[in-house]
Amino acid sequence: MTLSLIDTLLTRRQRLASLINFPAILWSGNSSPRNFPANVYRFRASSHFLYFAGLSLPNAVIRLEAGKLELFIDDPKPSSALWHGVTPTRDEIAVQIGASAAYPMSELASRVDGAATIAVQDAATWTAQTQLLDRMVLPQLPAQGIDLELAKAVIQLRLIHDEGALVELRSAAAVSVKAHTAGIKAVTTAKTEASVRAAMESVIIAHNCQTSYNSIVTVHGEVLHNEEYHHPIGAGDLLLADVGAESAGWAGDITRTFPVSGKFSSTQLDIYNVVLAAHDACIAAMHPGVEYADIHLLACKTIAEGLVDLGILRGKPEDLVEKDVHAVFFPHGIGHLLGLDVHDMEDLGDLAGYEEGRERSARFGLGYLRLSRPLRPGMLVTIEPGFYQVPAILNAVRSQYQYLIDWERLEQFADVRGIRIEDDVLVTQTGADVLTKALPATPPEIEELVGAG
Ligand code: GLY
Ligand code: MN
Ligand code: MN
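Now for a look at the structure at hand. (Residues numbered from 1 in each chain as written. Chains lettered and ligands numbered in written order. Predicted model: local features only at pLDDT ≥ 70, side-chain atom pairs only at ≥ 80, totals over all residues. Heavy atoms only, no water.)

1. A look at the site of ligand 1
Which entries qualify depends on this criterion: Here, proximity means that at least one heavy atom of the residue falls within 4 Å of the molecule or strand. Under this definition, polar contacts are N or O atom pairs within 3.5 Å; protein pairs additionally need one hydrogen-donor-capable and one acceptor-capable atom, and for neighbouring residues in sequence, both atoms have to be side-chain atoms. The Shrake-Rupley method, run with a 1.4 Å probe, gives the accessible areas here. Residue values count only the displayed protein chains as cover. Residues are grouped as follows: Ala, Val, Leu, Ile, Met, Phe, Trp, Tyr, Cys and Pro are nonpolar; Asp, Glu, Lys and Arg are charged; every other residue, Gly included, is polar.
Around ligand 1, the neighbouring residues are Tyr213, His225, Asp242, Asp253, His336, His343, Glu384 and Glu422. Between ligand 1 and the protein, one listed contact pairs a nitrogen atom with a side-chain N or O atom of aspartate 253 at 3.2 Å. Between ligand 1 and histidine 343, the relevant distance is 2.6 Å, taken from an oxygen atom to a side-chain nitrogen or oxygen of the residue. Here ligand 1, which alone exposes 200 Å², has 92% of that area covered by the protein. Classifying every residue of the shell around ligand 1 gives one nonpolar, three polar and four charged.

See below:
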C-alpha cells in the first residue's frame, strides 16, 4: 500500500470522527460457500469496510473511534500456508492499513458497547452482528438510532469522492473503456453473445480486475438486466453491452449499443440518435446545483421530442412527459450514484440517493429514479438514457395509449429492441467531466470501431 493511500484512509477516519461521537464497527463479511466450505464464491469486502480499511480482507472487523482504527482479524491457521501460501499476519496487515491496534476476533465482544454498525449482506455476518450487538441487524431493515446516524455520516463522506477514490474510479473507467473497445471490435466475428462477453471480460481479467456487476451483453437489450449469453447474434441485430470493471473495489459502469453488421439500419440509426441526443443534453446540463431529477426530466423530454419527430408518439413532448408516455420506452431512471458500488450505497435503500425529506415518486416515469439530489462537485453519477420495446409494457398500455402512440409506425422499428448509452460523469466545480469519454458514442465512430474488428 502506498503512503498516499494510507493518508487517504487516515483522512477518511478523521472525517468520520468529526461527524459522529460514538464508535463505529464495520464488518468486512464472509465469503459464501458454493458446495463445500473451501469452495467459495469470490470474496469482496463490504464497501463501507473497504472505504475505511482499504483492503478487501475476509472475516475482518474494524472499530473506528476518534480517527483511530482497531483491527480484529485472526491470524492464518498453520495449515493455511499449504493451500494459500504465506499470507500476512494480523500485525503485518495492521501496519499496512495504518491501524492503531490489532486483536484476534475473540477480543471483539469486549469492544462493542455503544457502537453503531451497518448491516453486511451475507447471512453469516449479519447473524454475527446481531449476536454481538444484541440487536437485530439485517440488510433489509432500515437503520435506526446510532446506526442511522452512522449511515448518514458515511453517506456524507462517500457521496463526494476524494482524490484517492478518483484515482481508482478513473482507472476503473479506463479499463472499462478498453473492455468495450475489445467487445465492439469482436462483434463481427463472434457467433454468440457469450463470445463478445468473453472478449470484454478478458480485458478486465488481464488488468487483474473483476467486473463491478454481472455483465449484460445481449441482443435482447429490452430485458434491462439480462444475464443470459447464449443467443446467437445475427447480422441485423443490435448488441447492447453494459459492462464495467472494478479497480481496487471502485466501479466503472458503461453501456454501448452497436450493430453486429457494422452498419446501423435506418430505423436503428433514428432511434440511436434520439437516445444519443438525450445522453448529450443531460451531460451538457450537468453543473453544481442542478437537480439530478431535472436531468432525468430533460432526458424524458428529449426522448419524447425525438419520438414525436419520428412519428412514434403523438402530442406535445411536455404533455407526453407529464402523462408518463415517454416511460413506455424509457421506463428507468437516467442513472445513479457510482463509487465503490455500482449503484453506490443502495444497501442503505434510498438514504444515499434521496436528499433528506424526499421520497420516491409513485409515478411510472419517476418511480425508478435512483437519485434525487442537487449535484455537487465530487459526485460521480451515470448518465444512461435508453429506448426499449418491452412486450409486457407495450401490451399493458396498448388500449390506454391507443392514440398517443402510433402503433403502425412503431412496427416499422421492430429491429430496435433495446438501446442504451451509458457514461460515468463526475461533477466538477464548473460542470462535468466524463470519465469514460475515451469510448466513442456517435454512430460513425461506433460503426468505424465495429469495422476495425
Ligand atoms: N449496470 C447496471 C446499471 O447500469 O445500472
Ligand atoms: Mn448504470
Ligand atoms: Mn450499466
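That shown, we press on.
2. A look at the pattern of salt bridges
Where we set the bar: A pair is scored as a salt bridge if a Lys or Arg side-chain nitrogen falls within 4 Å of a carboxyl oxygen belonging to Asp or Glu. Helix and strand definitions follow DSSP, with helices as H or I runs of at least four residues and strands as E runs of at least two, each counted in order from the N terminus. Burial classification: accessible surface area is computed with a 1.4 Å probe over protein chains only, and a residue below 20% of its type maximum counts as buried, one above 50% as exposed, and the rest as partly exposed.
Overall, the coordinates contain 24 salt bridges when judged by the stated rule. For aspartate 242, the salt bridge goes to arginine 420, with nearest N and O atoms at 2.9 Å. Pair noted here: aspartate 242 is in strand S9 (residues 238-243) and arginine 420 is in strand S15 (residues 418-420), with a separation of 178 residues, a long-range link. Across the pair, arginine 420 and aspartate 242 agree in class, each one buried.

3. Looking at the nonpolar core
Formally: What is meant by a nonpolar core is a set of buried Ala, Val, Leu, Ile, Met, Phe, Trp, Tyr and Cys residues, joined one to another through side-chain atoms within 4.5 Å. For this analysis, residues touch if any pair of their heavy atoms sits within 4.5 Å.
Core analysis: the biggest nonpolar cluster contains 128 residues, and Leu16, Leu71, Leu150 and Phe329 have the highest contact counts within it. Excluding its chain neighbours within four sequence positions, the residues that come into contact with leucine 150 are Leu16, Ile20, Phe22, Ala24, Leu26, Ala116, Thr117 and Ile118.

4. Remarks on the pairing of strand S4 (residues 61-65)
So the rule is basically this: Paired strands are those between which DSSP finds at least two bridges.
Summarising burial for S4: four of the five residues are buried, a large majority. Two strands pair when backbone bridges link them, and S4 and strand S5 (residues 68-72) are joined in this way by five bridges, in the antiparallel orientation. Its bridge partner lying in S5, valine 61 is registered against phenylalanine 72. Counted between consecutive antiparallel strands, the loop separating S4 from S5 contains two residues, among which alanine 66 sits at a positive phi close to 50 degrees.

5. A short note on the packing of aromatic side chains
The relation between two aromatic rings is expressed through the spacing of the ring centres and the mutual angle of the planes. Cut-off, in case you're wondering: Note on ring pairs: Phe, Tyr and Trp rings are taken, using the six-membered ring of Trp, and paired if centres are within 6.5 Å. Classes follow the plane angle, with under 30 degrees stacked, over 60 edge-to-face and the rest tilted. Two conditions define a charge located above a ring, namely a distance within 6 Å from the ring centre to NZ of Lys or CZ of Arg, and an angle within 35 degrees of the ring normal.
Under the counting rule described, the total for this entry stands at five aromatic pairs. Here the aromatic rings of tyrosine 51 and phenylalanine 52 are separated by 5.0 Å at their centres, their planes lie at 85 degrees, and the arrangement is edge-to-face. Three or more aromatic residues joined by ring pairs make a cluster, and in this case those are Tyr51, Phe52 and Trp250. A cation over a ring is seen here: arginine 12 above tyrosine 51, with NZ or CZ 4.2 Å from the ring centre. Arginine 197 extends its terminal NZ or CZ atom over the ring of tyrosine 229, reaching a point 4.1 Å from the ring centre.

6. Points about the coordination of the manganese ion (ligand 3)
Here is the rule we go by: Only nitrogen, oxygen and sulfur atoms count as donors, using a 2.8 Å cut-off from the metal that widens to 3.2 Å for Na, K and Ca. Water is left out, so coordination shells may look unfilled. Donor angles set the geometry label: tetrahedral for four donors if every angle is between 85 and 135 degrees, square planar for four and octahedral for six if opposite donors exceed 155 degrees and the others are between 65 and 115, irregular for anything else.
Donor atoms from the polypeptide that bind the manganese ion (ligand 3) are Asp242 (OD), Asp242 (OD), Asp253 (OD) and Glu422 (OE), placed at 2.0 to 2.4 Å. What the six donor atoms of the manganese ion (ligand 3) show is an angle range of 57 to 171 degrees at the metal, which sorts the shape as irregular. Donor residues for the manganese ion (ligand 3), ordered by position in the chain, follow D-x10-D-x168-E. Between the manganese ion (ligand 3) and the manganese ion (ligand 2) the interatomic distance amounts to 3.2 Å, and aspartate 253 serves as a bridging ligand to the pair. Remark: glutamate 422 occurs in the loop between S15 and strand S16 (423-427) and aspartate 242 occurs in strand S9; sequence separation between them is 180 residues. Residue aspartate 242 is classed as buried on the basis of its relative accessible area of 5%. Overall, glutamate 422 belongs to the buried group, its relative accessible area being 0%.

7. Section: the coordination of the manganese ion (ligand 2)
Note on metal geometry: ideal angles are 109.5 degrees for four donors arranged tetrahedrally and 90 or 180 degrees for six donors arranged octahedrally. Within the protein, the manganese ion (ligand 2) binds to Asp253 (OD), His336 (NE2), Glu384 (OE) and Glu422 (OE); these donor distances fall in the range 2.0 to 2.2 Å. Given six donor atoms and angles of 48 to 154 degrees at the metal, the environment of the manganese ion (ligand 2) is assigned as irregular. Sequence spacing among the residues donating to the manganese ion (ligand 2) works out to D-x82-H-x47-E-x37-E.

8. A few points about the sheet that holds S16
Two modes of strand pairing occur in sheets, parallel and antiparallel, and in both the strands are linked by backbone hydrogen bonds. Definition in use: To obtain each axis, a line is fitted to C-alpha atoms, and for helices this fit is confined to the stretch in contact; angles are then taken between N-to-C directions over 0 to 180 degrees.
Taken together, the three strands give an open sheet; going across it, the order is S13-S16-S17, and neighbouring strands pair in antiparallel fashion. Two strands bound the open sheet, and with one partner strand each, they are strand S13 (380-383) and strand S17 (432-434). The average angle at which neighbouring strand axes cross in this sheet is 35 degrees, direction not considered. Summarising the sheet, S13 and S16 pair through four bridges and their orientation is antiparallel. Looking at S16, one finds that leucine 380 is bridged to leucine 426. Seen against the sheet, helix H9 (residues 266-285) touches S13, S16 and S17 and runs at an angle of roughly 155 degrees to S13.

9. Overview of the packing of H9 against helix H10 (residues 292-309)
The description of two helices packed together rests on the angle between their axes and the distance between the axes. Stated formally: For classification purposes, an angle smaller than 35 degrees is called roughly parallel, one larger than 145 roughly antiparallel, one from 65 to 115 roughly perpendicular, and anything else oblique. Should the near helix be turned anticlockwise from the far one by less than a right angle, the crossing is left-handed, and should it be turned clockwise, the crossing is right-handed.
Where H9 contacts H10, the two axes come as close as 9 Å, and the packing angle between them is 150 degrees. By the angle class used here, H9 and H10 are roughly antiparallel. Like other packed secondary-structure pairs, H9 and H10 cross with a definite hand, here right-handed. Facing Ile271, Val274, Ala277, Ala278, Ala281, Cys282 and Ala285 of H9, the residues of H10 in contact are Ile295, Leu298, Ala299, Thr302, Ile303, Gly306 and Leu307. Its residues assigned to classes, the contact of H9 with H10 shows twelve nonpolar, two polar and no charged.

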